[in-house]
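# Coordinate analysis (summary)
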Amino acid sequence: MRVLGIDPGLRNLGWGVIDVDGPRLSHVANGVIQSKPGELAQRLLQLHTELTDVIGRFLPDTAAVEQTFVNKDAVGTLKLGQARGVALLVPAQAGLSVGEYAPNAVKKTVVGVGHAAKEQVLHMVKLQLPGALINGPDAADALAIAICHAFHAQTGSRQKALRKAGV
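Okay, so let's go over this structure. (Residues numbered from 1 in each chain as written. Predicted model: local features only at pLDDT ≥ 70, side-chain atom pairs only at ≥ 80, totals over all residues. Heavy atoms only, no water.)

### Some points on the layout of surface pockets
Quantified by volume, the largest pocket comes out at close to 650 Å³. The wall of the largest pocket is formed by 25 residues, among which P8, G9, F69, L80 and D138 lie closest to the centre. It is helix 2 (residues 74-93) that provides the largest number of residues to the lining of the largest pocket, a total of 4 residues. Considering only residue class, the lining of the largest pocket consists of 8 nonpolar, 7 polar and 10 charged. (1 Å grid on protein atoms, 1.4 Å probe; cavity = no way out; pocket = protein on both sides within 12 Å on 5 of 7 lines; lining within 4 Å. Points joined across faces, edges and corners; volume = space filled by probe spheres on them. Helix = DSSP H or I, 4+ residues; strand = E, 2+ residues; numbered from the N terminus. Nonpolar A, V, L, I, M, F, W, Y, C, P; charged D, E, K, R; others polar.)

Okay, structure coming up:
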């Protein structure tokens, strides 16, 4: 299974692609889409175009997006929500199922602690994807989201198989 993780942001949208083979994870690619300052509609279009290109190049089977948290800046939260809308729309347009995870759930899955620092997330992503060259904290977060999705997908599959077997 190939998983695309997306860390939504209007200025910096992180993305990461991993392959999952049972318990084995391997790094495929990662990066950050940086929208150019200017009109909001053009920035959202740029995110859409470049994320569509990522999906076309790496052909993921599924995707996962981090849920938005609300901060003190209502305008900033609204803009982040619009970027998150693009992050949900593009994989859906490609026919992918899209999982959504709270930031604390991602950190707890990858680090073991729900309130881990960005440095801890980066460290654990590097441990789980040895040899990966990570393009900054936004790409590391996106890879963490992909790892979280892979873990939850595997857990769900195991539980489904147990229920089917009558256990």
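### Focus: the side chain of E66
Summarising the element assignment, E66 is placed in strand 4 (residues 62-66). Buried and unpaired, E66 has no salt bridge, with K107 as the nearest side chain of opposite charge at 6.7 Å. Ignoring any residue separated from it by four or fewer positions in sequence, one finds E66 in contact with I6, D7, P8, R84, Y101, P103, V106 and I145. (Buried < 20%, exposed > 50% of the residue type's maximum accessible area, 1.4 Å probe, protein only. Lys, Arg positive; Asp, Glu negative; His and termini not counted. Salt bridge = Lys/Arg side-chain N within 4 Å of Asp/Glu carboxyl O. Contact = heavy atoms within 4.5 Å.)

### Describing the sheet that holds strand 4
The 5 strands lie next to each other as 3-2-1-4-5, forming an open sheet whose pairing is mixed. This sheet does not close on itself; its edge strands, each paired only once, are strand 3 (24-34) and strand 5 (97-101). Across this sheet, the average inter-strand angle for adjacent strands is 20°, counted without regard to direction. One ladder, built from 5 bridges, connects strand 4 with strand 5; its direction is parallel. Its bridge partner being in strand 5, T62 is matched across the sheet by S97. (Pairing = 2+ DSSP bridges. Axes fitted to C-alpha atoms, helices over the stretch in contact; angles between N-to-C directions.)

### Focus: unusual backbone geometry
The residue L59 is not glycine, and still its phi comes out positive at about 45°. With respect to the helices and strands, the residue L59 is situated in the loop between helix 1 (40-58) and strand 4.

### Section: the side chain of D141
Mapping D141 onto the fold places it in helix 5 (residues 137-164). Not counting chain neighbours up to four residues away, the residues in contact with D141 comprise D7, K118 and V121.

### Let's talk about the pattern of salt bridges
Under the defined criterion, the tally for this structure stands at 4 salt bridges. D53 is the partner of R57 in a salt bridge, and the nearest nitrogen-oxygen pair spans 3.0 Å. With R57 and D53 both in helix 1 and 4 residues apart, the pair spans about one turn of that helix. On the basis of relative accessible area, R57 is assigned to the partly exposed category, the value being 48%.

### Quick word on the nonpolar core
Counting residues in each nonpolar core, the largest one holds 22 residues, and the members touching the most others are I18, V106, V125, L129 and I134. The dominant element in this core, judged by the number of residues it contributes, is helix 5, at 9 residues. If sequence neighbours within four positions are ignored, V125 has contacts with V110, I134, A140, L143, A144 and I147. Formed by 21 residues, the second largest nonpolar core is a distinct cluster that contains L10, L13, A63 and V90. (Core = buried A, V, L, I, M, F, W, Y, C linked by side-chain atoms within 4.5 Å.)

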